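Secondary and tertiary structure notes
Spelled out from the first residue to the last, the chains are:
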Amino acid sequence: MTDTPDPDAVAPAVDSLDTIVSLSKRRGFIFPSSEIYGGINAVWDYGPLGVELKNNVKRAWWRAMVQERTDIVGLDAGILMHPQVWITSGHVGSFSDPLVECGSCQRRYRLDELPGAESLSATELRETGIVERLGLVCPNDGGPLSPPRRFNLMFTTHMGPVEDDGSVVYFRPETAQGSYVNFKNVQQSSRKKIPFGIAQIGKSFRNEISPGNFVFRMREFEQMEMQYFVRPGEAAATAFEEWLPRRRAWYEHYGVAPQRLRFREHAPDELAHYAQKAIDVEYRFPFGWKELEGIHNRGDFDLGSHARASGENLEYFDPATEERFVPWVVETAAGADRAAFTFLIDAYREEEVRGEKRVVLGMHPELAPYKVAVLPLLKKRPEIVALCHRLRDDLARDVMAVYDDTAAIGKLYRRQDEIGTPWCVTVDVESLEDGAVTVRDRDTMAQERVPLEGVKWLILDRLSVARG
Ligand code: GAP
């Protein structure tokens, strides 16, 4: 007997992804891109609530990774970079997935996503006879599949008015390279001493062979990556270990149930071309345990390769020991979309209240799209409506606040519960006389009477407590 629970026995927060997809569409979190033209595969648009959620996720990451730290600074590098960057980084040569094609319907698949091939090792995925050995056939029409070939995931375009081989540039497939090529600029201008980090949030692009599972795997997505520059060897191994619990704590602080998070170390033949060691933070999605974030010890691969290819000296001079060395990199690489998606799924719950189903997004208040909704008990009374608008306008100077009068109060509360609004403020007839309003809590549904002038401070105070 072991005390360690079987991680595969952990249930997802919602049984079916459709629950989240339909909530997202109905309430304006996420829409298919270019829907009126039939959509474009693997690109999604964030609606009014989704953009707030994703911005809040990015802000929470930035606060933890930059604002609250003295050793990490930010950067916003270009999406398009000198093409040599991607040759040096190894992406032109090896940023690929194994692709197989059906000889009869011509559909293409990522080999490791085919039924029967999901648990193949990286070495087996490169085996030319693997399709035959396992008897794999096309899941669509049972047709014969080709042997796997490597398919490069980078999107290309042309820079300048002439479209020839010399004008090819790549859409970045990761933000990390911007931090490496700017290492010297950032270090010298910020006068940071090693260990220090460079954090970046921004769009990345990958021509994924089999995107899917809603916003889990997209072709255009956003990353939140931090490159931590350290002394070579042991210091890098120590920093790597230190980042693991910090990153786990971040997801837990913002509401992910601890039992639905786990670490998985990459097998040696699975490691990316730049990594010495890699551990994925995985989440129990409704479609299985999947990567949420990668934590990598990249050794001196990045600065070493760029120094050799560019001829620029990217060594760091340590004034304390008078040593010169090429720093090693420990990277935490998260996806903003995947994180937002995870927080959305993990917050979802259905419960029964007085015989009726209540859908609640029990999201961390910092992540909730709206912090507060201001609701009139009687929309026919102009004084009540006017007071609501004054209150909302005042709250909106500090937080996202919304006014709604399109239903009866019970329904208005349910609507706010479903989109995760932590507090609702109701203005009633008495409010006109006693200058007080009712503040209702999303999770407990408890109501308290609060003087009008105290509402904003109560909400700001609770937000600050939740922030921790
Ligand atoms: N710089 C290292 C790097 O890019 P990665 O594991 O390939 O590492 C980091 O990507 C994170 O970016 C992933 O853990 C995931 O959250 C996000 N990500 C990667 N590909 C994605 C895709 N196609 N769609 C959505 N998010 C993606």
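The present account deals with the structure reproduced in this document.

What counts, and at which threshold
- Residues numbered from 1 in each chain as written.
- Predicted model: local features only at pLDDT ≥ 70, side-chain atom pairs only at ≥ 80, totals over all residues.
- Heavy atoms only, no water.
- Salt bridge = Lys/Arg side-chain N within 4 Å of Asp/Glu carboxyl O.
- Helix = DSSP H or I, 4+ residues; strand = E, 2+ residues; numbered from the N terminus.
- Pairing = 2+ DSSP bridges.
- Axes fitted to C-alpha atoms, helices over the stretch in contact; angles between N-to-C directions.
- Near = heavy atom within 4 Å.
- Polar contact = N/O pair within 3.5 Å; in protein donor to acceptor, adjacent residues only side chain to side chain.
- Areas by Shrake-Rupley, 256 points an atom, 1.4 Å probe, with all protein chains shown as cover.
- Nonpolar A, V, L, I, M, F, W, Y, C, P; charged D, E, K, R; others polar.
- Buried < 20%, exposed > 50% of the residue type's maximum accessible area, 1.4 Å probe, protein only.
- Right-handed = clockwise from strand over helix to strand, strands pointing away.
- Phe/Tyr/Trp six-rings, centres within 6.5 Å; stacked < 30°, edge-to-face > 60°.
- Lys NZ or Arg CZ within 6 Å of the ring centre and 35° of its normal.
- Parallel < 35°, antiparallel > 145°, perpendicular 65-115°, else oblique.
- Left-handed = near helix turned anticlockwise from the far one by under 90°.
- Contact = heavy atoms within 4.5 Å.
- Core = buried A, V, L, I, M, F, W, Y, C linked by side-chain atoms within 4.5 Å.

**Re the pattern of salt bridges**
Within the structure shown, the criterion is met by 50 salt bridges. Of the charged contacts in the structure, one is a salt bridge between Glu270 and Arg264, with a shortest N-O distance of 2.7 Å. In this structure, the salt-bridge partner of Glu265 is Lys277, at a minimum N-O distance of 4.0 Å. Residue Glu265 is found in strand 11 (residues 261-265), and its partner Lys277 is found in strand 12 (residues 277-285); the two are separated by 12 residues along the sequence. Each of Arg349, Glu351, Arg358, Arg414, Asp417, Arg440, Arg442 and Asp443 takes part in a single network of salt bridges with overlapping partners.

**A word on the sheet that holds strand 23 (residues 447-451)**
With mixed pairing, 5 strands are arranged side by side in an open sheet as 20-19-21-22-23. Across the chains shown, the open sheet's two edge strands, defined by having one partner strand only, are strand 20 (401-403) and strand 23. Pairs of neighbouring strands in the sheet enclose a mean axial angle of 25°, with direction left out of account. Pairing analysis gives 3 bridges linking strand 19 (residues 372-376) to strand 20, with the strands arranged parallel. Across the sheet, residue Val374 finds its bridge partner in strand 20, namely Tyr403.

**As for the site of the ligand**
Around the ligand sit 22 residues in total, of which Glu174, Met218, Glu225, Glu291 and Glu331 are the nearest. Contacts to the ligand include Arg206, whose side-chain N or O atom sits 2.8 Å from an oxygen atom. A distance of 2.5 Å separates an oxygen atom of the ligand from a polar side-chain atom of Glu291. In isolation the ligand offers 560 Å² of accessible surface; the protein chains occlude 94% of this area. When residues of the shell around the ligand are traced back to their parent elements, those giving at least two are strand 10 (220-230), strand 13 (288-299) and strand 16 (328-335). Broken down by element, the residue count for the shell around the ligand peaks at 6 residues, all from strand 13. Taken together, the residues of the shell around the ligand sort by class into 8 nonpolar, 4 polar and 10 charged.

**Digging into the pairing of strand 19**
Every other side chain in a regular strand lies on the same face of the sheet, so the side chains alternate between the two faces. Counting buried positions along strand 19 gives 5 out of 5 residues, so the element sits mostly inside the fold. On strand 19, burial covers both faces: Val372, Val374 and Pro376 on one face and Ala373 and Leu375 on the other are all buried. On the question of chirality, the crossover connecting strand 19 to the parallel strand 20 by way of helix 12 (residues 382-396) is right-handed. Note: strand 19 against strand 21 (residues 423-427), 5 bridges, orientation parallel. Among the inter-strand pairings, Val374 is bridged to a residue of strand 21, identified as Val425.

**Description of the packing of aromatic side chains**
The full count for this structure, using the stated rule, is 21 aromatic pairs. Here the aromatic rings of Phe285 and Phe287 are separated by 5.0 Å at their centres, their planes lie at 15°, and the arrangement is stacked. By relative accessible area, which is 21% here, Phe287 ends up partly exposed. An aromatic cluster of three or more residues is present, and its members are Trp44, Phe214, Phe216, Tyr283, Phe285, Phe287 and Phe341. Above the ring of Phe263, the side-chain terminus of Arg248 is found at 5.4 Å from the ring centroid. Over the ring of Tyr413 we find Arg440; its NZ or CZ atom is 4.3 Å from the centre of that ring.

**A closer look at the sheet that holds strand 6 (residues 149-152)**
Overall, antiparallel pairing links the 3 strands, which are arranged 5-4-6 in an open sheet. Two strands bound the open sheet, and with one partner strand each, they are strand 5 (108-110) and strand 6. Each strand of the sheet is rotated relative to its neighbour by a mean of 50°, with strand direction disregarded. As paired strands, strand 4 (residues 96-101) and strand 5 are joined by 3 bridges and run antiparallel to one another. By the bridge assignment, Val100 is partnered in strand 5 with Tyr109.

**Some thoughts on the packing of helix 2 (residues 48-67) against helix 11 (residues 336-347)**
Where helix 2 contacts helix 11, the axes come no closer than 9 Å and their chain directions differ by 110°. Considered as vectors, helix 2 and helix 11 are oriented roughly perpendicular to each other. Regarding helix 2 and helix 11, the two cross each other, and that crossing is right-handed. Between helix 2, through Leu53, Lys54, Val57 and Lys58, and helix 11, the contact on the second element is made entirely by Ala336, Asp337, Ala339, Ala340, Phe343 and Leu344. Taken together, the residues that form the contact of helix 2 with helix 11 break down as 7 nonpolar, no polar and 3 charged.

**What about the nonpolar core?**
Val57, Met224, Trp250, Tyr251, Phe341 and Phe343 are the most contacted members of the largest nonpolar core, which totals 65 residues. Leave out the neighbours within four places in its chain, and Tyr251 touches Val256, Leu261, Val281, Leu292, Glu293, Ala334, Ala339 and Phe343. Counting 21 residues, the second largest nonpolar core, distinct from the first, contains Leu387, Ala401, Val450 and Val455.

**Observations concerning helix 10 (residues 301-310)**
Among the residues of helix 10, those classed as buried are Asp302, Leu303, Gly304, Ser305, His306 and Ala307. Phi turns positive, to about 80°, at Gly311, one or two residues after helix 10.

Function-wise, these values are silent; they only describe arrangement.
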